[in-house]
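So you can see what is in the structure, the chains are spelled out below.
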Amino acid sequence: MDLIGIIEQGLIASLAAIGVFISFRVIDLPDLTPDGSYVLGGAVSISLMYVGVPWILCLVFGGLLAGFFGVLTAIIHNKLGVNSLLASILIMTMLYSINIRVMNGPNISVPKETAPMEEARYTEKTKLDDLLGIKSSTSISEVDTTKQTKKTLSPFREKSGYNSTILISLIVLISVFSTIIFLRTEFGIALRGYGGNKEGIKNLGINPELMSIVGLFLGNFYAGLAGSLFSMYGGFADVNMGQGIVVTSLAAVILGEIIFGRFHLFYNMMCPVIGAVVYQILLALAMRYGYTIGFQSSDMKLVTSLFIIIVIGLRRVEVRKWLNLKTSE
Amino acid sequence: MVELKNIRVVYNKNQTNEKKALDGLNLTIKKGEYVTIIGPNGAGKTTLLKILTGEIHPEEGDYVLNGRDIKHPKPYKLFRNVGIVYQEPDRGVFPDLTIEENLILGSKKGNRFFSFGKYQGLELLKSLNMGLEDRLKTKVKELSGGQKQALAMILAAITYPDLLLLDEHTAALDPKNVEKVMELTLKINTEMGLTILMVTHNMKIVEKYAKRIVEIKEGIVTRDFMYERPQSQVGTDRIRASL
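Residues numbered from 1 in each chain as written. Chains lettered and ligands numbered in written order. Predicted model: local features only at pLDDT ≥ 70, side-chain atom pairs only at ≥ 80, totals over all residues. Heavy atoms only, no water.

Enquirer: Requested: an account of the overall build of chain A, with residues and values cited.
Expert: For chain A, the count of helices and strands is 14 helices and two strands. For chain A, the residues scored as buried account for 49% of the 329 residues in total. Summed over its atoms, the accessible surface of chain A is roughly 16400 Å², and 65% of this surface lies on carbon and sulfur atoms. (Helix = DSSP H or I, 4+ residues; strand = E, 2+ residues; numbered from the N terminus. Buried < 20%, exposed > 50% of the residue type's maximum accessible area, 1.4 Å probe, protein only. Areas by Shrake-Rupley, 256 points an atom, 1.4 Å probe, with all protein chains shown as cover.)

The structure is reproduced here in structure tokens:
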């Protein structure tokens, strides 16, 4: 088992967990949009790679567009008075169709490192094309082998010059610390205040709708960023890859809270990161050794949901008090 | 100055259970006044507060705040000029934030932060003698009900609203905390010069702290007078009987 690979995947998943942490914990607005915006991030960033946009901008655009759909969820919730959960289900459903449009199919792979000559061989005119009357766009004789392809290649491919572990860690670190700094600003304090007391924010003359819009934008931005990074890392985006991302991210947040507790903003922000890495390790262990107890990889979502239910249940009966564990909750 | 002219509010209009909550209520409050509203349940006190915070709009009548006619405002915008403290301490504070962060939020007026608000908040915290000024990094959810309510009062006051509404803000407190919160209320009125409208059922508070008393019954003002505090127990009993 490649431990580094598992940690890398955990770190990528931690970005989605940060998004879920912001919507569920910071602003306390349950949001299922990430199930769709995660895929959108991947779909947009890979599509942009095909037109030669630098990979770092592809990541940012993927996140921004995903964040835009978080804003739509917030607007439906605020203006139409629809419960945030239902509003997010509507946007998530909408995103399924949009993602297929963006990818021009149910999935898309990252641009491959193929030489122009090799590429032309795949698209060369065949006898079948003659029979069907299809014109080939290129032929080997027309290929200019000196011409460089405009497509952007994934930073995670071999010989890219990047160390994937350092690259992913750097993106996660920047995300975590910029979020901590933002949440400590006056606006960030208002956002956290909104999560704890929505009526109180309104009573201070602060626009509560703006708080929900910014919160859900951020939550989905991170989900989209995770989707973009995962697609570049895995080499593809698939319309179904976001299924259950909210639940697994929530499980990661809860795991992190079990490890860290909920005390200080800094530790709170580490919960989704550490939780997602631990979750990924548990997932790998379950897949590696689970067969001995009849466990299948498809059972993971069942176990994840059961885990969340059990943890919430244990919190209700205040098991921490029974165990005499100090907690600020 | 706050002016309410001929305010009418009807609940369930044109239905069998139609109810006139306010039936032509008139009330004028001058800047810096401290008005205590009393009256039986169902008299229209809560409806009056909802009108003043923009939560509901009257069928008829005018609501003028500092010369501005208030017509269908967005409630959060009106709250930049009208502060409110409710009966439940948790409604006015932010439990997951520290005391200091609460003060920072309280010193936000609309889209602007003003540092004077935070300074004033710290001064008020010190004057409470609850030791809160030494616990600025403590999360508010760890405070007692009385401490939370005092903090809620400070947060509402340091936005310097044109009108501060107190909706039975001492009802959930023990006598010791009632005393502290009421002294803070007077301080906010006299030293900061804020206009206060307080709704209460507690006659002990009325006797001890009220200045101008307005009685509402069946949706109209039935009595409006300046309260002269009696010097003897006989006088107290007479006033209590008349209230």
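Enquirer: Outline the sheet that holds strand β9 (residues 163–167) of chain B, listing residues and values.
Expert: All names here are of chain B. With respect to topology, six strands assemble into an open sheet ordered β6-β9-β10-β3-β11-β12, the strand pairing being mixed. Two strands lie at the open edges of the sheet, namely β6 (82–85) and β12 (220–226), each paired on one side alone. Strand-to-strand, the axes of this sheet are offset by a mean angle of 20°, without reference to chain direction. Bridge count for β9 against strand β10 (residues 196–199) is four bridges, and the pairing is parallel. Pairing of L164 across the sheet is with I196, part of β10. In the packing of helix α5 (residues 145–157) onto the sheet, the strands contacted are β6 and β9, and the crossing angle to β6 comes to about 175°. (Pairing = 2+ DSSP bridges. Axes fitted to C-alpha atoms, helices over the stretch in contact; angles between N-to-C directions. Contact = heavy atoms within 4.5 Å.)

Enquirer: Lay out the pattern of salt bridges in plain terms, naming residues and giving numbers.
Expert: Tallied over the full model, the rule gives 18 salt bridges over all chains. For R25 of chain A, the salt bridge goes to E257 of chain A, with nearest N and O atoms at 2.6 Å. Here E257 of chain A lies in helix α11 (residues 245–260) and R25 of chain A lies in helix α1 (residues 3–26), a separation of 232 residues in the sequence. Overall, R25 of chain A belongs to the partly exposed group, its relative accessible area being 26%. Relative accessible area serves as the criterion here: at 2%, E257 of chain A is assigned to the buried category. The salt bridge involving K13 of chain B is made with E59 of chain B; its shortest N-O contact spans 3.4 Å. One end of the pair, K13 of chain B, is in the loop between β1 (2–11) and β2 (19–29); the other, E59 of chain B, is in the loop between α1 (45–52) and β4 (60–65), with 46 residues separating them in the sequence. Judged by its relative accessible area of 42%, E59 of chain B falls in the partly exposed class. (Salt bridge = Lys/Arg side-chain N within 4 Å of Asp/Glu carboxyl O.)

Enquirer: So, the packing of aromatic side chains: which residues are in play, and what are the values?
Expert: Scanning the model with the defined rule gives six aromatic pairs over all chains in all. Look at Y38 of chain A and F230 of chain A: their rings are 6.3 Å apart centre to centre, the planes differ by 35°, and that puts the pair in the tilted class. Linking Y38 of chain A in helix α2 (residues 34–50) with F230 of chain A in helix α10 (residues 208–234), this pair joins segments that are 192 residues apart in sequence. Here Y38 of chain A falls in the buried class, since its relative accessible area comes to 5%. Of the aromatic side chains, those joined through ring pairs into one cluster are Y38, F230 and F236 of chain A. Looking at K198 of chain A, its charged tip hangs above the ring of Y194 of chain A, at a distance of 4.8 Å from the centre. One residue, R91 of chain B, lies across the ring of Y86 of chain B, its end atom 3.7 Å from the ring centre. (Phe/Tyr/Trp six-rings, centres within 6.5 Å; stacked < 30°, edge-to-face > 60°. Lys NZ or Arg CZ within 6 Å of the ring centre and 35° of its normal.)

Enquirer: Any chance you could break down the environment of G41 of chain A for me, citing the residues and the numbers?
Expert: Residues and elements named next belong to chain A. Along the chain, the position of G41 falls in helix α2. Between the C-alpha atom of G41 and that of R192, which follows or precedes it by 151 residues, the distance is 26 Å. Those residues within four positions of G41 in sequence are excluded, and the remaining contacts are G62, G224, G227 and S228.

Enquirer: Quick rundown of the interface of chain B and chain A? Include the residues and the values.
Expert: In this complex, chain B contributes 26 residues to the contact, which on the side of chain A involves 19 residues. The tally of links from chain B across to chain A stands at two salt bridges. Close ionic contact of R192 of chain A with E101 of chain B constitutes a salt bridge, the shortest N to O distance being 2.9 Å. Viewed at the interface, chain A and chain B are joined by five residue pairs in polar contact (both at pLDDT 80 or more). For the side of chain B that touches chain A, the elements supplying multiple residues, two or more each, are α2 (75–78), β6 and α3 (99–106) of chain B. Along the lines of polarity and charge, the residues of the side of chain B that touches chain A split into 14 nonpolar, four polar and eight charged. (Polar contact = N/O pair within 3.5 Å; in protein donor to acceptor, adjacent residues only side chain to side chain. Nonpolar A, V, L, I, M, F, W, Y, C, P; charged D, E, K, R; others polar.)

Enquirer: Help me get a handle on the side chain of T36 of chain B, residues and values and all.
Expert: Relative to the assigned elements, T36 of chain B resides in strand β3 (residues 34–38). Apart from the residues within four sequence positions on either side, T36 of chain B is in contact with M198, T200, V206, A210, R212, I213 and V214 of chain B.

Enquirer: Describe the environment of A172 of chain B, listing the residues and the values that go with them.
Expert: All names here are of chain B. One can find A172 in the loop between β9 and α6 (175–190). Distance in space between the C-alpha atoms of A172 and G145 is 8.0 Å, their sequence separation being 27 residues. With residues near it in sequence (within four places) discarded, A172 still touches Q87 and P89.

Enquirer: Go over the pairing of β4 of chain B, please, and point to the residues and values.
Expert: As a general feature of sheets, a regular strand has side chains that alternate between the two faces. Residue and element names in this part refer to chain B. Pairing of β1 with β4, which is carried by five bridges, proceeds in the antiparallel orientation. Opposite E3, over in β4, you have V64 as the bridge partner. Two strands pair when backbone bridges link them, and β4 and strand β5 (residues 68–69) are joined in this way by two bridges, in the antiparallel orientation. Across the sheet, residue L65 finds its bridge partner in β5, namely R68. Adjacent in sequence and paired antiparallel, β4 and β5 are bridged by two residues, among which N66 carries a positive phi angle near 50°.

Enquirer: Explain the nonpolar core to me, using residue names and the numbers behind them.
Expert: Grouped together as the largest cluster of nonpolar side chains are 115 residues, with contacts concentrated most on L15 of chain A together with L105, L125, L151 and I188 of chain B. At 11 residues, the largest contribution of residues to this core is made by α1 of chain A. Once residues lying within four places of it in the same chain are set aside, the contact partners of L105 of chain B are I189, A190, G193, I201, L204 and I206 of chain A together with F94 and L97 of chain B. Counting 30 residues, the second-largest nonpolar core is a separate cluster that includes L22, L78, V82 and Y86 of chain B. (Core = buried A, V, L, I, M, F, W, Y, C linked by side-chain atoms within 4.5 Å.)

Enquirer: Describe the packing of α1 of chain A against α11 of chain A, and please don't skip the residues or the numbers.
Expert: Helix packing for two helices is described by the angle between their axes and how far apart those axes are. All names here are of chain A. Contact pair α1 / α11: the axes reach a minimum separation of 8 Å and the direction vectors enclose 80°. By the criterion of interaxial angle, the relationship of α1 to α11 is roughly perpendicular. For the pair α1 and α11, the contacting residues are A16, A17, V20, F21, F24 and R25 in the first and I245, V246, S249, L250, A252, V253, I254 and E257 in the second. For the contact of α1 with α11, a count of residues per class yields 11 nonpolar, one polar and two charged. (Parallel < 35°, antiparallel > 145°, perpendicular 65-115°, else oblique.)

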